[in-house]
Amino acid sequence: MLRVVRRYTVTIAFVLLAVCFLLWWYSGRGFNDKPMAGIPDYAGMDGKSILSDEDVFAKLEPTYLSYYAKKQQEGVKDTSGVALEIPAVRYNAASTTGVSKKAGVGGRTEESLLLTDENAWVEYKVDIPKDGFYQMGLDYYALEGKRSSILRSVQVDGKFPFIQSKKLEFTRMWKEAGPVTIDNQGNEYNPKQVEVQGWQTAELRDSEAKVYEPLRYHLTQGTHTIRIGVIREPAAIGTIRVFSPERVPTYQVLEAEYKTKGYNPSTKQLIKIQAEETQLKSSPTLRRVENRDPATEPFNKQGVGLNTFGGGSWRSWGQWAEWSFEVPESGLYQIGIKNGNWFIDGMPVQRMIKLDGKLPFKEMNAVTFEYGDKWQMKKLGDGGREYEFYLEKGKHTLRMEVQIGALGETFESVQSVSRRMSLLSREIILYTGTNPDPNRDWELDRNIPNLIPRLHMMARDLNEAIQGLYKLGVSKGSSQISPLGIARDQSLDMAEKPDTIPSRMKQLSDTQSSLGTWINGLSQQALQLDYIVVKSPDMEWPKVHSSFVAGIATSIYDFFLSFRKDYRGVGSVFEESGEKTIDIWISRGRDWAEIIKKLADEDFTPNTGVKVNINVIPAGDKNKSAAVYDYRIAAGCGARRRCASSD
C-alpha cells in the first residue's frame, strides 16, 4: 500500500487539490445570506446626494406608494359610508374641442359624455363630506378608434397627487369572430379577433398593476375640482363615482357567512372550462397557443392544435381574460386551474380572480401560481385547504387579470437604488473627471459626503429586496436573484475599498443598467392555461400530467410524422387540379408566412379565384435558387406560375 502511495504521490496530491478547489468554488457560488452582518443601520441619516435637487425625479410627482405611505404617516385614514355619483354630462368646465354630449350610446337612453380628442378635458366640482382616503371609478364605453386601450389622466385641484394619476388605462373588450380554422393539413389557426362594444365599470387603478388595490386619493372636507384629461383614444363616460374604499371580506369571514346562511356543498359535479375558449379578453393579442404535451386538452395528434391560452402574450399590466360556465345546481364549489408557469426562472406569478364581476373575497385579489417546469393544478385555497365558492344555479363568469402588486414595493426600492447610483456616479465624476488618474489617491470617502453610509444603505435596500423575493417563494438558486445580489455585493465591496471606485465607474454604470433590465423583465409575468375546473368537494381533481410512456410515444409519433409531412408549406396546400394555383416562396419567418397566407385566403383568392401556396425557405438559401423573382399577388402569377420573394 505504501509503495502505491509513494508511486502516485503527485497524482494523489493533484486530485486532493482539485477536490478542495471544487469544494471551495461550490461553497462560494451563490450569495451570502447574511452580508449585512456588522453593517451599521444608519437610522435617521440623510443619505441625499448634493445633486438631488437637480435630479429630474425630484421635479416629478411622488409615486403612489410613497404618497400613500406619507399620508398614512400624517394620520390620514380610509373614510367609510361615502358613495358619490356624478353624471358625466354635468361638468363645470370643459375644453373647447373634443367634448360633446350624446344620448343612446351603447343602448343608454340618457345622455353620455363623449371625450374624443387628445388633450380634451372636463372638470367637476365635488363636495366631499369628510376628510380621508377615497377611491374613484367610472362607467365608460370605448368608441371606435385605433384599437388601443384608452388612456386618461385625473387631476385633483389642478395637480396630479402622484405620478400614476397621469396615466390611467381602461381596456377594450375583444372576442373571437368564430371557431378556429383548420387547413387541409390538419393544423389549427387562431380565428379573427373582433372588438366587442359595451359599457364597462372600472375603478382607477395603477396602469402597471403594481398596486394591489384601486388608487386612494386624499380629499379633505369641502369642495374639490376633479379634472379628467384625454391622453389616447375616444370613449364615452356615463357616471363618475367617488367612494369610500371598499373593504373586501376575507375568506374566513365569508366562510362564517356561508354557515350562517346554511349553504351546502354541491355533489357529483365536475365542470371543465377549456382555457382557449375565452368569452372576452382585454387585447386581441391574447390568443390560443399550442402545447404538445399529450395531457393537454384537446390534443391534436396530426398537426398544430391550439389547445391552451396565454403564454408569453399574457404577461403585461392589467391584461385580463374572461370565461363563462354554467352550474347545474346551487351550492358550494371548489375551483382549480391547470397552469404552466415556466417563463421566469424560479419566479411565481400572480393573477386577480373575479367571479361574476366581483372579488369573492380578499385572497382572490392576488392568487399566486408557483414556478414549475411542468403543468400544475392550482387549487384555489390556503395551504392544504381548498376554498369553497357559493354559486347559484345558472351561468357565471370567471375573470383572471395580471397582478404584479406583490413586487410593487420591491420595484420601487430597486428603482430608488438605481437613481441613487446614478447621482453618486455624477458626484464622483464631478470630483475626479471622466478620466481619473489611476495612480492618484482620490480619498473619495473624505471628499464625497457620506460616501460609505450611502453605499451601505443601497446595499441594505437591495438585500431587503432579495429577502422580499424569498418570502414570495422565489428559490434561492433562481437567476432572478443574481442581479440584485451582484449589485448588493458590489456596493459593499466599494464601501470597503473606496480607493478602487474611480477605476470601477463603468462597472457601476453597468450595474445600474442591469437593475433597470431586471425590473422590466420581472414586470412581464406570463402564464399559460390548459383548463379551469369547477367541481363539487366530493369529486377528485383531474390528473394534469401525462405518463412517461405517453410522452415518449408522442415524441416518437411526431418524429415519424416529420418524414411524411411537408413543413415548408403554410396553411392549406393546393395541388394542381386544373384550377389556377400559384406557389410563393419566402425567406421570412413562419409567422410572417402565416399572415401572408391568411391575407391571400381571405382576400386575394375569393376576389380572383387563384389559390395560393406559401412556402418557407431558410434565409441562407434564398440566393441559391436559379430563378428568384419579386412576387405581386395583386397582379397574379397565372396558372401554376411559381413566384418567389427575396425579402
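Quick look at the structure, then. Keep in mind it's a predicted model, so treat the numbers as computed, not measured.

## As for the packing of helix α5 (residues 408-432) against helix α9 (residues 505-522)
Inference 1: Interhelical geometry of α5 versus α9 gives an angle of 160° and a closest axis separation of 10 Å. In terms of their interaxial angle, α5 and α9 are classed as roughly antiparallel. The crossing of α5 and α9 is left-handed. Judged by residue contacts, Thr410, Phe411, Val414, Gln415, Val417, Ser418, Met421, Ser422, Ser425, Ile428 and Ile429 of α5 engage Met505, Leu508, Thr511, Gln512, Leu515, Trp518, Ile519 and Leu522 from α9.
Inference 2: Looking at the contact of α5 with α9, its residues break down into twelve nonpolar, seven polar and no charged.

## Some details on α9
Inference 1: The terminal C-alpha atoms of α9 lie 26 Å apart, and with 18 residues this matches the ideal 26 Å at 1.5 Å per residue to within 8%.
Inference 2: For α9, the set of buried residues is Met505, Leu508, Thr511, Leu515, Trp518, Ile519 and Leu522. Taken end-on, α9 shows its buried residues confined to a sector of 140°, consistent with a single buried face. Along α9, exposed side chains directed more than 90 degrees from the buried face belong to Lys506, Thr517 and Asn520.
Inference 3: Against the buried residues of α9 lie α5, α7 (451-472) and α8 (482-496).

## Here's the deal with the nonpolar core
Inference 1: Counting 71 residues, the largest nonpolar core has Trp314, Trp323, Leu380, Leu398, Met400, Leu484 and Val534 as the members making the most contacts within it.
Inference 2: Of all the elements, α7 adds the most residues to this core, at nine residues.
Inference 3: In this structure, Val82, Tyr124, Val156 and Ala202 belong to the second largest nonpolar core, which totals 41 residues.

## Looking at helix α4 (residues 251-261)
Inference 1: Regarding α4, the residues found buried are Tyr251, Leu254 and Tyr258. When α4 is viewed along its axis, its buried side chains cluster within an angular range of 60° and face the same direction. Within α4, the exposed residues directed more than 90 degrees away from the buried face are Gln252, Lys259 and Thr260.
Inference 2: Elements that come into contact with the buried residues of α4 comprise β22 (331-340), β27 (385-386) and β28 (389-391).
Inference 3: The positive-phi residue at the C-terminal boundary of α4 is glycine 262, with phi of around 75°.

## Considerations on the sheet that holds strand β2 (residues 93-94)
Inference 1: The strand order across the open sheet formed by five strands is β2-β5-β15-β7-β8, and the pairing between neighbours is antiparallel. Looking at strand neighbours, the two that pair on one side only are β2 and β8 (168-170), the edges of this open sheet.
Inference 2: Where β2 lies against strand β5 (residues 121-128), two bridges are found, and the strand directions are antiparallel. Bridged to alanine 94 within β5 is valine 122.

## Structural notes on the packing of aromatic side chains
Ring pairs (aromatic) are described by centroid distance and by the angle formed between their planes.
Inference 1: Counted under the stated rule, the structure contains 18 aromatic pairs.
Inference 2: Ring geometry for tyrosine 64 and phenylalanine 162: centres 5.0 Å apart, planes at 75°, overall edge-to-face. Of this pair, tyrosine 64 sits in helix α3 (residues 64-73) while phenylalanine 162 is found in the loop between β7 (150-156) and β8, placing the two residues 98 residues apart along the sequence.
Inference 3: Residue tyrosine 64 is classed as buried on the basis of its relative accessible area of 2%.
Inference 4: Since its relative accessible area comes to 0%, phenylalanine 162 is described here as buried.
Inference 5: An aromatic cluster of three or more residues is present, and its members are Tyr64, Tyr67, Tyr68, Phe133, Phe162 and Tyr217.
Inference 6: The residue whose ring lies beneath arginine 351 is tryptophan 314, and the NZ or CZ to ring-centre distance is 4.3 Å.

What counts and how
- Residues numbered from 1 in each chain as written.
- Predicted model: local features only at pLDDT ≥ 70, side-chain atom pairs only at ≥ 80, totals over all residues.
- Heavy atoms only, no water.
- Axes fitted to C-alpha atoms, helices over the stretch in contact; angles between N-to-C directions.
- Helix = DSSP H or I, 4+ residues; strand = E, 2+ residues; numbered from the N terminus.
- Parallel < 35°, antiparallel > 145°, perpendicular 65-115°, else oblique.
- Left-handed = near helix turned anticlockwise from the far one by under 90°.
- Contact = heavy atoms within 4.5 Å.
- Nonpolar A, V, L, I, M, F, W, Y, C, P; charged D, E, K, R; others polar.
- Expected span 1.5 Å × (residues − 1).
- Buried < 20%, exposed > 50% of the residue type's maximum accessible area, 1.4 Å probe, protein only.
- Arc of directions from axis to C-beta.
- Core = buried A, V, L, I, M, F, W, Y, C linked by side-chain atoms within 4.5 Å.
- Pairing = 2+ DSSP bridges.
- Phe/Tyr/Trp six-rings, centres within 6.5 Å; stacked < 30°, edge-to-face > 60°.
- Lys NZ or Arg CZ within 6 Å of the ring centre and 35° of its normal.

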